[in-house]
Amino acid sequence: MRSFLLPVLSFTLGLAASAIADPTLSPWRLHEQRSHIPAGWTRARKLSPSASVPLRFALAQSNIENIEALLYEVSHPSSSGYGNHWSASQIAAKFAPSTESIETVRSWLFENGVEPHRMKLSPTKGWLEVASTVEEAENLLLAEYHVYDHETGTKHIACESYHLPEHVIPHVDFVTPTIHFDTRVQKRDQHSRVPIGQPGQGSTPKTTGEIEGILDQIEDCDKQITPICLRALYGLWYQPVSGSINSYGIVEYSPQAYVQSDLDMFAKNFSTGLEGVSPTLVSIDGGSIPTSGSSFDYNGESNLDLEYGMTLVTGGQNVTLYQVGDSVQGGSFNTFLDALDGTYCTYDGGDDPTQDPVYPDTASGGYTGNEDCGTVKPANVISTSYGYNEADLSAAYAIRQCNEYAKLGLMGVTFLYSSGDAGVGGNGGYCLNADGTPSADGTIFNPSFPATCPYVTAVGATQVSPGQSVWDPENACDQVIYSGGGFSNYFSMPDYQRGAVEGYLALNPISYSKDIYNSTGFSQSRAFPDLSANGANYVVAVDGTFSLVYGTSAASPVVGAILTMVNDARLARGKPPLGFINPTIYSTDFAHCFKDITNGTNPGCGTLGFNTTEGWDPVTGLGTPYFPSLLAKWLAL
């Protein structure tokens, strides 16, 4: 099968076609190059040549070129292997790097003066760690390392580009620390310039503040969204019967955390049997829940996700909370994925210390245990309301992480990610300039990751517009936020959405030049979102009061609840969980399982963005899910 990697990239990967006969004579080739420094960072100073820098080589995985076909075998509705999900041991065996890759990299390092005792292969054989100095790393990679300062005070080690010998390139996905800036999730005080609690910046839910009273009637859903509005919109009138064998997970990154008294306050008004009920906490790398709240910035995301996620699946289905990272360092997507899949861990006991939290954490109040590595069982459905700008990551790094979602899809896990709240712009409304740098006045569309990964389901946002009812068609969200959507600059268009997207492009010619809506100038790109749900006017209990909240952050856990209830019915009939849903929802048989959204756009970057239309569109995807139709179709598979 073809690779999902676009043939033209804004970051150069420099993948060599083959090795030459004599490896010792291999010329160095550019492997990765960063086109810009991400927003908020500045290059401060050159690193001392004698400073220590642990290099980590992400070894190329075996059979990764076949991962699309393998995933389709278990997730495409026409496949005879639909639902035959893999075990963790099968995943590890299938994708472990080859002996040839391990020995090629080891030999090259040894020939260049790295003694064997300074090389360490991870237990899963996916990463090779080298204890080196800055001077040695610069000689090995033909790179120049600097310290970069962030406006929050965080420091980071990086280079602008690096090289590898031609015969080594096919065996290495990427090296850290090098050009990557996907630093761990961190929060700051409410006066800081960078939004709080995000892997990237700026995709937290938004609020218009406290409300004086609750309107909990169907006829008021254009003013306030409460659980009864969502049940009416999506037909979610279902009582689970398989709660003991089903699972629904919601991910939060410390110090973002829920407040139990807020959950109880919400349950008292909108739920039955959930007062005093907490989600099941799965602590990853010291994740914990503070005993009291502090502000919307710290509690808004978690409260929103859990209040609606728990209420919609009812007290008959437990919700698992993956709380990632201690209160000192926070967490990252990598540390969460490490916990789910031991084969993803970069080395025994931690990830890249310049990018991810390192445990044990010796700081006061830090988590003193070892990093969680393959210790957590993934839920059947996992909803995440956080995201990066795709352009802030290197292509190789994004691809490696995207492949991990494919592996978890093979294991039967459904991954949902919110698509962003700035329309065609990136977090904080930043768009890209011609040189790849982000700015408030950029004109090139700035897609979100992991939403652009073809192995996750990206969720956009809709609204019940003023004066309309839940029985009327929803519109694309334009209150406070705009539904994130567009086209990837890194990933090519997956087969499952080709018909839908090409149909949209044929009937709705895009007036923007290709270098505006897709900076590679390549039109056959992964398009997002895949579907949508309401994202405006949510009534949320936060710090003892009710506020109105907006965002694709709200839409993702709602879709997660709907899919969890589908899983409940499937499990009751002895069927496996849904797993990766995209090939199914784009199939012809499921065409009428979504309420089409045909009004609205997703402005950004000085444009109106894209328009909604009949069928799929890059604003609301396939539309909003209708539970009764989805349930009937999935029970037939």
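Residues numbered from 1 in each chain as written. Predicted model: local features only at pLDDT ≥ 70, side-chain atom pairs only at ≥ 80, totals over all residues. Heavy atoms only, no water.

A. Representation of the pairing of strand 11 (residues 248-253) in the model. With six of six residues buried, strand 11 is to be regarded as a mostly interior element. The alternating pattern of strand 11 places Y248, I250 and E252 and G249, V251 and Y253 on opposite faces, both of which are buried. The sheet contact formed by strand 11 and strand 13 (residues 319-324) spans six bridges and is parallel. In the strand pairing of strand 13, Y248 is matched with V319. The pairing of strand 11 with strand 14 (residues 381-384) spans three bridges and is parallel. By the bridge assignment, Y248 is partnered in strand 14 with V381. (Buried < 20%, exposed > 50% of the residue type's maximum accessible area, 1.4 Å probe, protein only. Helix = DSSP H or I, 4+ residues; strand = E, 2+ residues; numbered from the N terminus. Pairing = 2+ DSSP bridges.)

B. Focus on the state of the cysteines. According to the stated counting rule, one finds three disulfides in the structure shown. Here C221 connects covalently by a disulfide to C229, the sulfurs 2.0 Å from one another. Across the S-S bond of C221 and C229 the torsion is about -90°, and the bridge reads as left-handed. Under the relative-accessibility criterion, C229 is labelled buried at 0%. The side chain of C431 participates in a disulfide bridge whose partner is C605; the two sulfur atoms lie 2.0 Å from each other. On the sign convention where negative is left-handed, the bridge of C431 and C605, at about -95° about the S-S bond, is left-handed. (Disulfide = S-S within 2.5 Å.)

C. Summary view of the nonpolar core. Of all hydrophobic cores here, the largest spans 133 residues; its most connected members are F336, F415, Y538 and W634. Element by element, the count of residues in this core is highest for helix 12 (residues 552-572), at ten residues. Excluding its chain neighbours within four sequence positions, the residues that come into contact with F415 are F336, L337, L340, I382, Y405, L408, V456 and T457. Formed by 33 residues, the second largest nonpolar core is a distinct cluster that contains W108, L109, M119 and V175. (Core = buried A, V, L, I, M, F, W, Y, C linked by side-chain atoms within 4.5 Å. Contact = heavy atoms within 4.5 Å.)

D. Expanded view of the packing of helix 5 (residues 227-234) against helix 7 (residues 296-313). One way to put it is that helix 5 packs onto helix 7 with a least axis distance of 10 Å and a crossing angle of 55°. Taken together, helix 5 and helix 7 sit at an angle that is classed as oblique. The handedness of the crossing between helix 5 and helix 7 comes out as right-handed. Residues P227, L230 and R231 of helix 5 form the contact with helix 7, whose own contacting residues are Y308, T311 and L312. Residue composition of the contact of helix 5 with helix 7, grouped by class: four nonpolar, one polar and one charged. (Axes fitted to C-alpha atoms, helices over the stretch in contact; angles between N-to-C directions. Parallel < 35°, antiparallel > 145°, perpendicular 65-115°, else oblique. Left-handed = near helix turned anticlockwise from the far one by under 90°. Nonpolar A, V, L, I, M, F, W, Y, C, P; charged D, E, K, R; others polar.)

E. Layout of the confidence of the model for the protein chain. For the protein chain, mean pLDDT is 87; residues scoring 70 or higher make up 87% of the total. The model gives residues 1-23 a pLDDT under 50, and that stretch makes 78 contacts with residues more than four places away or in other chains. Every residue in residues 347-355 is under pLDDT 50, and counting partners more than four places away or in other chains gives 35 contacts. (pLDDT = per-residue confidence, 0-100.)

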